[in-house]
Amino acid sequence: MTTEDHSDGVVSAASRRELIGLTAGVAVGGLTGCLGGETAASGEESDGPITARWAGTQNPETSCWDYESASSEGADKCGLVYPVFELQRRLEERSNGLELALIDSKELCSEQSCMSKMDSKVIQLGSSSVANSAKIWPENEIWSIPYTMPAHSRASIGYAFTHPTVWEEYWVPFAKKYNAIPIGFDPPGYRAHYVGVGNDPEEAMTSPADFEGLKIRTTQSDVISVAFDELGMNPTTVSFADTLQGMKSGVVDGMEIIPQYAVSAQITDVSAQVTLTQWAPGLDPIWCRVDFLKDLPEEERQTFAEVTAELAEESVRRSDDVYENFQGLSPDAPVAGSNYATEGPDGGPVRVNWLEEDQIDAWREPIDPATNRDLYADAIDRVHEEFTDGFYDRLYEVAREPGVPSRSADFSLDAWWDDYLEEM
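These remarks concern the structure in this document. (Residues numbered from 1 in each chain as written. Predicted model: local features only at pLDDT ≥ 70, side-chain atom pairs only at ≥ 80, totals over all residues. Heavy atoms only, no water.)

**Remarks on the overall build of the chain**
- Helices and strands together make up the secondary structure of the chain, namely 16 helices and 15 strands.
- Nonlocal contacts in the chain, meaning residues at least 24 apart in sequence, comprise 76% of its contacts between residues at least 6 apart.
- Counting only carbon and sulfur atoms, one obtains 44% of the accessible surface of the chain, whose full area is about 16600 Å². (Helix = DSSP H or I, 4+ residues; strand = E, 2+ residues; numbered from the N terminus. Contact = heavy atoms within 4.5 Å. Areas by Shrake-Rupley, 256 points an atom, 1.4 Å probe, with all protein chains shown as cover.)

Right under this line is the structure:
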């Protein structure tokens, strides 16, 4: 395979798309040289399959990949469309030298501690939302700055997260500092605001004024807490289990969370309504140790790059369908038969408040980074000082480039971790 050479070492967009388009039947040996640099282990014989251990909070009983098929095993319980279980299946099909072992997170780690387990080499791969991961990797606070991504453009989240500029200016220095990078993620969307069953679902909560003074559970993100304060809410940090009980008892009034996780974690069971504020990216990456990737024999590394790239592209392409049809979060929400029509209190619907542009403006104006940059100075300056000066401004622009597709189904992955592995 030939690729267009660039002075910055980035594989061209055309060659990346060609690579992702390869079928599983293509011989891996034919990909040699197309996916990145060699490692010390390249060419060495292995006594048996290399096992990569993953742990995260995703539950295989409520997570799925083939959500479209009603006949899929466990499809009726599916809330979260997450790729790690599909990653395991595809590796089993396509690699004799690499396998993925899935460890029940209850036995090992939580949203934050999985990152520590990666650092100590207990696991090679872990899962945590970008918001939760900031507790361990504080530079990731930058991803929670509200309205960095334009509203109603899920494709812009995946586009920005995997853009060549972001790989070069953020993920490469991130990898050098933390020995970790994202190698996959769920279909990207936006975090949303929920209120418990103590609130009247007949009275739509659409404005920040409706949430003023409410105790809203959030992650341990400083950026999100700052935004909550500006919007008049009372940010509260409690465990997931306590949130479930708290939304029933009134200990907490609600929470903000990725909508898919609200279903899989049974938050919708105790939610009177959800307000789609479109305010911050809802993205839960699969994180992987860089030294693990570098130490893989070349053939296994190439296969791993190919499979994870396919799944990443598929995740972005599916995001509109997952949210609008499967979850039922569209202007007509909750869509009949969707998660939010059937997974609310007592098996009924959750009231879904879809916001028009003027309503979103009421949320955005007090916390818009374009006009309130000082609110996020700590998060922005940290990245500029630790990684790349001026990065946030370029991220903001990347998310609004003409290349962002209007629908997620038209997304193409132009850069991936294997293109930059030698630089990490």
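Past the structure itself, the notes keep going.
**So, the pairing of strand β6 (residues 180-185)**
- Extensive coverage of β6 is indicated by the burial of six of its six residues.
- Looking at chain direction, β6 and strand β14 (residues 285-289) are connected through five bridges and run antiparallel. Bridge pairing in β14 places Gly184 opposite Ile286. (Buried < 20%, exposed > 50% of the residue type's maximum accessible area, 1.4 Å probe, protein only. Pairing = 2+ DSSP bridges.)

**So, the sheet that holds strand β10 (residues 234-236)**
- Read across the open sheet, the six strands follow the order β10-β9-β11-β8-β12-β15; overall the sheet is mixed. Each of the sheet's edge strands pairs with one partner strand only, and the pair in question is β10 and β15 (351-354). Strand-to-strand twist of the sheet, defined as the mean angle between neighbouring strand axes without regard to direction, takes the value 25°.
- With four bridges connecting them, strand β8 (residues 192-196) and strand β11 (residues 254-257) associate as antiparallel partners. Counted as the bridge partner of Val195 is Gly254 from β11. (Axes fitted to C-alpha atoms, helices over the stretch in contact; angles between N-to-C directions.)

**With respect to unusual backbone geometry**
- Here the amide bond leading from Ala333 into Pro334 is cis, since omega sits at -5°, within 30 degrees of zero.
- Position of Pro334 among the secondary structure elements: in the loop between α12 (298-326) and α13 (339-342).
- For Lys121, which is not a glycine, the phi torsion comes out positive at approximately 70°.
- Tracing the backbone shows Lys121 in the loop between α3 (113-119) and β5 (125-127).

**Points about the pattern of salt bridges**
- For the structure on display, the rule yields 23 salt bridges.
- For Glu310, the salt bridge goes to Arg90, with nearest N and O atoms at 3.5 Å. A residue pair is termed long-range when its members are at least 10 positions apart, and Glu310 in helix α12 and Arg90 in helix α2 (residues 84-94) qualify at 220 residues.
- Residue Glu310 is classed as buried on the basis of its relative accessible area, which comes to 8%.
- Residue classification places Arg90 among the buried positions, given a relative accessible area of 10%.
- A salt bridge links Arg191 to Glu256, with the nearest nitrogen and oxygen atoms 2.8 Å apart. Taken as a pair, Arg191 in the loop between β7 (189-190) and β8 and Glu256 in strand β11 lie far apart in primary sequence, 65 residues in all.
- A relative accessible area of 0% places Glu256 in the buried class.
- The network of salt bridges with shared partners includes Glu86, Arg89, Arg90, Glu93, Arg94, Glu306, Glu310 and Glu314. (Salt bridge = Lys/Arg side-chain N within 4 Å of Asp/Glu carboxyl O.)

**Some remarks on the nonpolar core**
- Core analysis: the biggest nonpolar cluster contains 123 residues, and Trp143, Tyr170, Leu293, Phe304 and Trp417 have the highest contact counts within it.
- Ranked by residue count, the leading element in this core is α12, at 10 residues. (Core = buried A, V, L, I, M, F, W, Y, C linked by side-chain atoms within 4.5 Å.)

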